[in-house]
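# Structural characterization, general
Residues per chain, in single letters:
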Amino acid sequence: MLIDIIAGARPNFMKIAPIINVIKLKNKIGVDINYRLIHTGQHYDQNMSGNFFEQLDIPEPDINLGAGGGTQAEQTAAIMIGYERVLLNQAPQLCIVVGDVTSTMACSITAKKMNIPIAHVEAGIRSGDWSMPEEINRITTDSITDYFFTTSSVANANLRKSGVGENQIFFVGNTMIDTLVKNRNRFRKSELWEKFGLKSGKYIVMTLHRPSNVDEEEVLKSLINEILNNSKDFPIIFPVHPRTRKIFEKLGIKHNRLFLVDPLGYLEFNYLVERSKAVITDSGGITEETTFMSIPCITLRDSTERPETCTIGTNELIGTNPIAIKHVLEKLFSGNWKNGAIPELWDGETSSRIVEHIINIFGLKF
């Protein structure tokens, strides 16, 4: 059996790495299962994709579609055209897509139109915010998916509400956590630790990238000022995407506790997160990682597709109004942050469950 595994953006690589490792192990013991790694090229900057292959022990892609940048429509079209050519040359028996990026939706549509079954890893998550391109990608992908691999009971319920059959839903856990578990003892200190004199529990990590937070200069300026004004004497480490850096530089904000740095590798970034006082973010994936590592997380968004990080984990969703920042930081520094727990099946074995289900579904033999 040949399976296509689709990756196009940084989070995808974290989610597919453990799946590939399990497929390799099964193949070694004689299971008729092989994969073809398709890198769409959606993110093509070395910091955003290339070093993840090395750090997470992901093999070089079998095929790189080289879709690159452009508008959402241009990128979607480039991915679909490129992947269609691949499928016309050789069709797999299954296409696995992960997450909710443009590549997820584009490759799902392309494969489905050629009658190739779709398995969606991280299916069923919903934010309810239709202004997010990711929400459209999720719903579109799930509307044509055949096998739904889910991270939570909330995702299961969302799929049932949309009419998905019980026999199509497989509650398996979170592959992002598989990668975290496997690599946690490999987290490594970056040069930033010594450069900025960091000490465990005595600094804050911040990541911001969503247009609602960074595209409007006054909004971004207000958020940053509120964070600086209410974070005591704690250094703030801000790995900045090049696009966000350009916007930030127009603001003219300079502060002796705010350190803008280039995007970090997976191992270096999570070393910082694990030892931080807290993380301030608008990323969905980081809320999962902080929940697993029991690190307080403050999310500057009005909605989340990962509610279990709030109801079970260490995340608090505070919206995008800068006024909310003072109260939540007071709560953090007073020592009243919730302890949180790890959601069900976030145990590092999700990828094994996924591959076992595929083996059973397709009746693969040793």
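Residues numbered from 1 in each chain as written. Predicted model: local features only at pLDDT ≥ 70, side-chain atom pairs only at ≥ 80, totals over all residues. Heavy atoms only, no water.

### Focus on the packing of aromatic side chains
Ring pairs (aromatic) are described by centroid distance and by the angle formed between their planes. The condition that has to hold: Note on aromatic pairs: the rings of Phe, Tyr and Trp (six-membered ring only in Trp) are paired at centre separations within 6.5 Å, and the planes decide the class, stacked below 30 degrees, edge-to-face beyond 60, tilted for the rest. Strands are runs of DSSP state E lasting at least two residues, helices are runs of H or I lasting at least four, and both sets are numbered from the N terminus onward. For each residue, the accessible area found with a 1.4 Å probe, counting protein chains only, is set against the maximum for its type, and the residue is called buried under 20%, exposed over 50%, and partly exposed in between.
With the rule as written, the count across this model stands at 8 aromatic pairs. Each ring, one from F149 and one from F170, has its centre 5.4 Å from the other, and the planes form 35 degrees; the classification is tilted. You can see F149 sitting in strand 6 (residues 147-150) and its partner F170 sitting in strand 7 (residues 169-171), a full 21 residues away along the chain. The residues F149 and F170 share a single accessibility class, namely buried. Arranged with centres 5.0 Å apart and planes meeting at 65 degrees, the rings of F234 and F333 form a pair that is edge-to-face.

### Let's talk about the environment of I23
Inclusion rule: The contact criterion used is simple: two residues touch if any of their non-hydrogen atoms lie within 4.5 Å.
Its place among the elements puts I23 in helix 1 (residues 10-28). The exposure class of I23 is buried, given its relative accessible area of 1%. The spacing of I23 and E356 is 333 residues in sequence and 9.6 Å in space, taken between C-alpha atoms. What I23 contacts, discounting residues up to four positions off in sequence, is I3, I5, I33, N34, Y35 and V355.

### Looking at the side chain of S127
Heads up, the rule is: Polar contact is defined as a pair of N or O atoms within 3.5 Å, subject to the rule that within protein one atom must be able to donate a hydrogen and the other to accept it, and that residues adjacent in sequence are counted only when both atoms are side-chain atoms.
Along the chain, S127 turns up in the loop between strand 5 (118-121) and helix 5 (133-144). S127 sits in the buried class, given a relative accessible area of 12%. Within the structure, the side chain of S127 is placed 3.1 Å from the backbone nitrogen of D129, a separation counted as a polar contact.

### Here's the deal with a positive patch on the surface
Applicable threshold: By definition, no residue in a patch forms a salt bridge, and every one has over 30% relative accessible area; like charges are joined within 9 Å, nonpolar side chains (Val, Leu, Ile, Met, Phe, Trp, Tyr) within 5 Å. Reported accessibility uses the Shrake-Rupley method at a 1.4 Å probe radius. Residues are deemed covered only where the shown protein chains occlude them. Definition used for salt bridges: Asp or Glu carboxyl oxygen within 4 Å of a side-chain nitrogen of Lys or Arg. The convention is simple: Lys and Arg are positive, Asp and Glu are negative, and His and the chain ends are not counted. We put the charge of a Lys on NZ, of an Arg on CZ, of an Asp on CG and of a Glu on CD.
A surface patch of like charges, here positive, comprises K24, K28, K182 and R186. You can see R186 is positioned in the loop between helix 7 (175-183) and helix 8 (192-195).

### Digging into the pairing of strand 11 (residues 278-281)
What counts is decided by this rule: Pairing between two strands is assigned when DSSP locates at least 2 bridges connecting them. Think of it like this: strands point away, you trace from the first strand over the helix to the second, and a clockwise trace means the crossover is right-handed.
A two-sided burial pattern is seen for strand 11, the buried positions comprising A278 and I280 on one face and V279 and T281 on the other. Where strand 8 (residues 204-207) lies against strand 11, 4 bridges are found, and the strand directions are parallel. Within the sheet, the bridge partner assigned to T207 lies in strand 11 and is T281. Here strand 11 pairs with strand 12 (residues 297-299) via 3 bridges, running parallel. When the bridges of strand 12 are listed, V279 appears paired with C297. Of the crossover connections in this fold, the one passing from strand 11 over helix 13 (residues 284-293) to the parallel strand 12 is right-handed.

### Description of the sheet that holds strand 7
Applied cut-off: Geometry is summarised by axes, namely lines fitted to C-alpha atoms with helices restricted to the contacting stretch, and by angles between N-to-C directions that run from 0 to 180 degrees.
Within the open sheet, the 7 strands sit side by side as 3-2-1-4-5-6-7. Their pairing is parallel. At either margin of the open sheet sits one strand with a lone partner, and together these are strand 3 (63-64) and strand 7. Across 2 bridges, strand 2 (residues 34-39) lies against strand 3 in parallel orientation. Residue pairing for strand 3: I38 is matched across the bridge by I63. Contacts between helix 16 (residues 350-361) and the sheet are confined to strand 1 (2-7), strand 4 (94-98), strand 5, strand 6 and strand 7, with strand 6 contributing the most and set at about 160 degrees to the helix.

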